[in-house]
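# Fold and geometry: a report
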Amino acid sequence: MAQAGPPSAIEPEALQQYGKLTVDLLQRHFEGLPTKAIKPQASPGDFAKRFREKAPEQPTEFAELLKKIEEDVLPGVTHWQHPRFMAYYPSTTSLPAVLSETIVAALGSVGLQWSANPIATELEVLVMDWLTEMLGLGPAFLHTSGVGGGIIQNTAGEAMANIMVCARVRKHRSMQPDLPRDEAFYANSSKLVVYFSDQAHFSGPKACRVAGMRPRVIKARKIDGNYRLSAEDVQSAIQEDKANGLVPTVLFLTYGTTNTCSFDRPADFESIAREENLWVHVDAAYAGPAWMLPEFKKDSEAVGRIATSVNVGGAKWFLCGFDSCFLWVRDRRFLTDVHSATDIFMAPGNDDIYSPEFKDWSIPLGRRFRALRIWMVIEYFGTDGIKAFLRRALDQADFLRGKIAEHPAYEVAIDSGLGLVCVRFANENSTERVGDLSRHLQDAGFLCYPSQVEGKPMLRVALGGSATREDDVEGLWKEMNSFATTPEAGQGA
């Protein structure tokens with residue numbers, strides 16, 4: 001007796017039916033999102049037990065899967081797209097970002113190299129050059145320069161790991177020009193030093209360790225209301241390390257750190273970088289999109305002059321959705337020298353402007369068609385629309401900082417000038433009271449987490465979410481004001 005064949009992976013006639021059911025679910029989700037709790041009240045394992053212990057042998061109807069998602073998946077989600085999600089940093093998505101992912105998944109292409117999916121490579125070249133010009137990084141980072149260029153990575157952490165490995169190999173080659181090619185990969189790197197601000201994200205030192213180099217963390221100074229590295233302190237650390245037989249290798253500068261949104265000033269380090277032959281990496285994962293606005297152009301111009309490499313996030317404040325990180329290098333050979341690899345089953349490549357072998361620019365061989373998502377977002381909003389989105393976050397943050405400055409109970413802990421608002425109590429240094437404020441806000445439907453800087457507690461309010469509106473920020477302030485003026489507030493809650 002004939003057996004039934006395997007199920008069809010994609011039934012074109014079912015796409016419309018099931019696609020509509022899926023979009024209907026998402027429509028209900030987004031329409032009801034403002035009334036939902038931002039995060040579930042649960043303990044580890046609470047949601048796993050709602051699912052089968054073993055994989056099913058028989059197929060499940062698609063409508064049943066959507067029902068399961070609505071009943072058992074969505075209740076377990078921390079809603080980063082909630083208008084009152086103000087923790088960490090935003091993870092901004094958008095209509096074109098969401099729907100483009102469906103197209104990317106449907107195409108299922110693997111961008112091994114240009115010949116494996118020509119449009120994926122060429123569109124990535126195009127959008128990375130668009131972004132270079134939108135951010136004002138300068139012609140050195142354009143693919144059309146024939147020397148520099150950019151690539152889309154998963155996250156900033158991945159980009160940093162990529163860069164640290166390449167910086168290590170470049171340093172060995174510069175110190176030993178006659179070193180056989182492969183030996184540079186295996187040379188002892190324990191004396192190579194990477195310099196960080198103490199405000200830098202821990203992903204930086206983590207990437208440094210992955211590359212086998214030595215991180216040196218330098219205390220940032222508080223200047224003009226925010227923290228930044230001092231060129232004098234970096235120079236002092238470099239001289240001390242050289243006296244101890246170490247080799248200065250990378251200067252890791254920040255532009256909008258996670259905890260405090262601190263900014264290092266690239267222009268301050270131009271002479272040091274040149275004299276010490278340092279690889280300068282600028283981590284602008286959060287604040288880089290601000291370079292689109294005229295008041296921040298001088299910063300991107302400085303980055304364009306000094307940086308060897310730079311990363312900017314597409315998900316935090318750029319509407320491109322997670323995951324998307326834009327990484328640029330001044331000279332693509334810094335990447336290809338490390339990552340170039342091939343085999344007899346790969347097609348020959350010509351490595352032209354519109355056919356770079358992106359497999360040779362980073363660790364993964366297979367690459368998702370992320371460029372389609374980035375292209376759709378930029379086309380859909382236009383540069384004017386993205387600038388208006390950025391401006392809205394700045395206006396919201398300025399409103400909140402203004403209210404804090406006027407209130408006797410609060411003060412602005414750090415003046416970022418961007419969408420992160422750091423607030424603390426004016427006349428007390430109580431971790432418990434900041435924690436009580438955070439819990440009060442969560443009970444009122446807002447999610448903001450406590451943190452601290454230099455041992456002093458504060459509350460981080462990260463504005464700039466895709467759905468956050470002015471009335472959400474006004475509501476947040478209303479609750480903060482209520483907490484501050486309630487006599488029993490913070491008394492051991």
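For the structure, check the block above.
This section reports on the structure supplied with the text.

Basis of the calculations
Residues numbered from 1 in each chain as written. Predicted model: local features only at pLDDT ≥ 70, side-chain atom pairs only at ≥ 80, totals over all residues. Heavy atoms only, no water. Patch = residues over 30% accessible without salt bridge, like charges linked within 9 Å, V, L, I, M, F, W, Y side chains within 5 Å. Areas by Shrake-Rupley, 256 points an atom, 1.4 Å probe, with all protein chains shown as cover. Salt bridge = Lys/Arg side-chain N within 4 Å of Asp/Glu carboxyl O. Lys, Arg positive; Asp, Glu negative; His and termini not counted. Charge placed at Lys NZ, Arg CZ, Asp CG, Glu CD. Helix = DSSP H or I, 4+ residues; strand = E, 2+ residues; numbered from the N terminus. Pairing = 2+ DSSP bridges. Axes fitted to C-alpha atoms, helices over the stretch in contact; angles between N-to-C directions. Contact = heavy atoms within 4.5 Å. Parallel < 35°, antiparallel > 145°, perpendicular 65-115°, else oblique. Left-handed = near helix turned anticlockwise from the far one by under 90°. Nonpolar A, V, L, I, M, F, W, Y, C, P; charged D, E, K, R; others polar. Core = buried A, V, L, I, M, F, W, Y, C linked by side-chain atoms within 4.5 Å. Buried < 20%, exposed > 50% of the residue type's maximum accessible area, 1.4 Å probe, protein only.

### Overview of a negative patch on the surface
- Judged by side-chain charge, D395, E470, D471 and E474 come together as a negatively charged surface patch.
- With three residues, the top contributor of residues to the negative patch is helix α14 (residues 470-485).

### Looking at the sheet that holds strand β7 (residues 279-284)
- The strand order across the open sheet built from seven strands is β1-β9-β8-β7-β6-β2-β3, with neighbouring strands paired in mixed fashion. At either margin of the open sheet sits one strand with a lone partner, and together these are β1 (149-153) and β3 (214-218). Across the sheet, the axes of successive neighbouring strands diverge by a mean angle of 20°, strand direction being ignored.
- As paired elements, β7 and strand β8 (residues 309-313) share four bridges and run parallel to each other. Bridging across to β8, H281 finds its partner in S309.
- Along the sheet, helix α4 (residues 118-135) makes contact with β1, β8 and β9 (325-329), crossing β9 at roughly 80°.
- Along the sheet, helix α8 (residues 231-243) contacts β2 (192-197), β3 and β6 (247-254); its crossing angle with β3, the most-contacted strand, is approximately 140°.

### Observations regarding the sheet that holds strand β13 (residues 456-462)
- Taken in spatial order, the four strands line up as β10-β11-β13-β12 in an open sheet, and their pairing is antiparallel. A single partner strand is all that each edge strand has here, and the edge strands are β10 (410-414) and β12 (449-453). Across this sheet, the average inter-strand angle for adjacent strands is 45°, counted without regard to direction.
- Looking at chain direction, strand β11 (residues 420-425) and β13 are connected through four bridges and run antiparallel. Bridging across to β13, L420 finds its partner in A462.
- Strands β10, β11, β12 and β13 of the sheet are contacted by helix α13 (residues 431-443), whose axis makes an angle of about 20° with β13.
- Together, β10, β11 and β13 form the strand contacts of α14, whose direction differs from that of β10 by roughly 120°.

### Structural notes on the packing of helix α5 (residues 156-175) against helix α7 (residues 203-210)
- At a closest axis distance of 8 Å, the pairing of α5 and α7 adopts a crossing angle of 40°. Our classification of the angle between α5 and α7 gives oblique. Judged by the sense of rotation from one axis to the other, the crossing of α5 with α7 is right-handed. Here α5 contributes G157, M160, A161 and M164 to the contact with α7, which in turn contributes S203, G204, A207 and C208.
- Here the residues of the contact of α5 with α7 sort into five nonpolar, three polar and no charged.

### Topic: the nonpolar core
- Ranked by internal contacts, the top residues of the largest apolar core, which has 73 residues, are W291, F326, W328 and L418.
- Ranked by the residues each element gives to this core, the list is headed by helix α12 (residues 370-406), at ten residues.
- Apart from the residues within four sequence positions on either side, F326 is in contact with M128, L131, I151, I152, V310, N311, V312, G313, G314, F318, C320 and I374.
- Of all hydrophobic cores here, the second largest spans 32 residues; its members include I151, M160, A184 and A207.

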